[in-house]
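So you can see what is in the structure, the chains are spelled out below.
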Amino acid sequence: MARREWSEEEEETLLENLTSLVDAGLWQNDNEWFIPASFVVLGTEMQASFPEGGITKFHIEAKMKYWKATCFGLQDLLQISGFGWNENENRLVVENEVWNEIVKVNRRFRNMKDMQFLMFNRWSHCFVRFRG
């Protein structure tokens, strides 16, 4: 299945619905992921909000996995000496020398340096439960 391009409005709606599930305690699963019924609820909500969008359970789960991985990656980076967070711009703060050393060790971070992460605090709220 091809990668789906999400609109900002779709992402915002999904995150609002996900946050509601988390706040209601309807997420818990022993395997550190959301229960299957969560995806049914999210799919129903997304279908109601975007009836022509063609958003499936597969798309929702893929987006949530991406958000979770990005959230945990940012949290990992923020634990490293030399990294900070700019609350006003929602982006990492780090000197080039420190960044270059980190990327040498772990290439998964290579695209994160200059990106804005407007949803980071909300991702952290939703995915903190899965951080062992």
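Every chain's residues receive numbers from 1 upward, in the order its sequence appears when written. It should be noted that, the model being predicted, local features are given only for residues of pLDDT at least 70 and side-chain atom pairs only at 80 or more, the latter also being counted only at that level, while totals for whole chains, interfaces and linings use all residues. Only heavy atoms go into the side-chain values, all of them from the structure, while hydrogens and water stay out.

In this model, helix 1 (residues 8-23) (16 residues) spans 22 Å end to end at C-alpha, consistent with the 22 Å of a helix rising 1.5 Å per residue. Using a 1.4 Å probe on the protein chains alone, a residue whose accessible area is under 20% of its type maximum counts as buried, one over 50% counts as exposed, and one in between counts as partly exposed. In this description a helix means any DSSP run of H or I spanning at least four residues, a strand means any run of E spanning at least two, and both kinds are numbered starting from the N terminus. Every buried residue belonging to helix 1 is among Glu10, Glu11, Thr13, Leu14, Leu15, Asn17, Leu18, Thr19, Leu21 and Val22, and all of these are buried. Pairs of residues are marked as contacts when any of their non-hydrogen atoms sit within 4.5 Å. In this structure, the buried side of helix 1 is in contact with helix 2 (36-49), helix 3 (57-78) and helix 5 (120-127). Taken from the residues just after helix 1, Gly25 is the one with a positive phi, measuring 75°. Multiply 1.5 Å by the residue count of a helix minus one, and that product is the helix's expected span.

Angles run from 0 to 180 degrees between N-to-C directions of axes, and those axes are lines fitted to C-alpha atoms, restricted for helices to the stretch in contact. For the pair helix 1 and helix 2, interaxial distance at closest approach is 10 Å and the crossing angle is 140°. On the basis of the axis angle, helix 1 is oblique to helix 2. Crossing of helix 1 against helix 2: the hand is right-handed. Each of Glu10, Thr13, Leu14, Asn17, Leu18 and Leu21 in helix 1 lies in contact with helix 2, whose residues at this interface are Ser38, Val41, Leu42, Glu45, Met46 and Ser49. Each residue is assigned to one class: nonpolar for Ala, Val, Leu, Ile, Met, Phe, Trp, Tyr, Cys and Pro, charged for Asp, Glu, Lys and Arg, and polar for all the others, Gly among them. By residue class, the composition of the contact of helix 1 with helix 2 is 6 nonpolar, 4 polar and 2 charged. To sort the angles, those under 35 degrees are grouped as roughly parallel, those over 145 as roughly antiparallel, those from 65 to 115 as roughly perpendicular, and the leftovers as oblique. Two helices that cross are described as forming a left-handed crossing if the nearer one is turned anticlockwise from the farther one by less than a right angle, and a right-handed crossing if clockwise.

Here we take up the pairing of strand 2 (residues 91-94). Direction of pairing for strand 1 (residues 83-86) relative to strand 2: antiparallel, over a ladder of 4 bridges. The residue of strand 2 that forms the bridge with Phe83 is Val94. When DSSP locates at least two bridges between a pair of strands, those strands are taken to pair. Hairpin geometry of strand 1 and strand 2 is characterised by an intervening segment of 4 residues between the two adjacent antiparallel strands and by a positive phi of about 55° at Asn90.

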